[in-house]
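What the coordinates show
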Amino acid sequence: MLAVGNRVRTSTDFSHTVRSGARSGRRNVVLYAVKTGPRPTRVGFIVAKSVGNAVTRNLVKRRLREAAAESLREYPTGFDVVVRALPPAATASWQELRTDYMGALRTCAGKLDRVPTFDQKR
């Protein structure tokens, strides 16, 4: 389970992360990430009706939340992350979702390390 401090909660934060963050897509998820400095890493989820009925969407969300909790060990600070579940996530196993999530997160983290931030440009 994610602590309150590790959740993206406002629509402004979701929009900022999706519009200006690094993007990485996999079969089951698309992940957006943006650097936030020394703040704790926060994660938000978008699971649309196209994924399935309410039971299926909640199952996918719970699995992604658990994958996010595991990823906080590797990236405890410095990122805002938004995960969009794609329709194939409805039939994906826990291991497939976890693998897609972690792979996309590592790809985004690598992209963000290569891009200079405002402070690095000075």
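Keep in mind the model is a prediction, meaning the values are calculated, not measured.

Some points on the packing of helix H2 (residues 54-74) against helix H3 (residues 94-114)
Helix-helix packing: each pair is described by the crossing angle between the helix axes and the interaxial distance. Contact geometry of H2 with H3 gives a least axis separation of 9 Å together with a crossing angle of 45°. As summarised for this structure, H2 and H3 are arranged oblique, according to the angle between their axes. Note that H2 runs across H3; the crossing there is right-handed. Of the residues in H3, those touching H2 at Arg63, Leu64, Glu66, Ala67, Ala68, Glu70, Ser71 and Glu74 are Trp94, Leu97, Arg98, Tyr101, Met102, Leu105 and Arg106. Taken together, the residues of the contact of H2 with H3 break down into eight nonpolar, one polar and six charged.

Things to note about the nonpolar core
One finds Leu31, Val43, Leu64, Val81, Val83 and Tyr101 to be the most contacted residues of the largest nonpolar core, which totals 30 residues. Elements with a minimum of two residues in this core: strand S2 (29-40), strand S3 (42-47), H2, strand S4 (77-85) and H3. With eight residues, H3 is the single largest residue contributor to this core. Setting aside chain neighbours within four positions, we find Leu31 in contact with Ala22, Arg23, Ser24, Val81, Val82, Val83, Tyr101, Ala104, Leu105 and Cys108. Listed in part, the five residues of the second largest apolar core include Val8, Val30, Tyr32 and Val82.

Cut-offs used in this document
- Residues numbered from 1 in each chain as written.
- Predicted model: local features only at pLDDT ≥ 70, side-chain atom pairs only at ≥ 80, totals over all residues.
- Heavy atoms only, no water.
- Axes fitted to C-alpha atoms, helices over the stretch in contact; angles between N-to-C directions.
- Helix = DSSP H or I, 4+ residues; strand = E, 2+ residues; numbered from the N terminus.
- Parallel < 35°, antiparallel > 145°, perpendicular 65-115°, else oblique.
- Left-handed = near helix turned anticlockwise from the far one by under 90°.
- Contact = heavy atoms within 4.5 Å.
- Nonpolar A, V, L, I, M, F, W, Y, C, P; charged D, E, K, R; others polar.
- Core = buried A, V, L, I, M, F, W, Y, C linked by side-chain atoms within 4.5 Å.
- Buried < 20%, exposed > 50% of the residue type's maximum accessible area, 1.4 Å probe, protein only.

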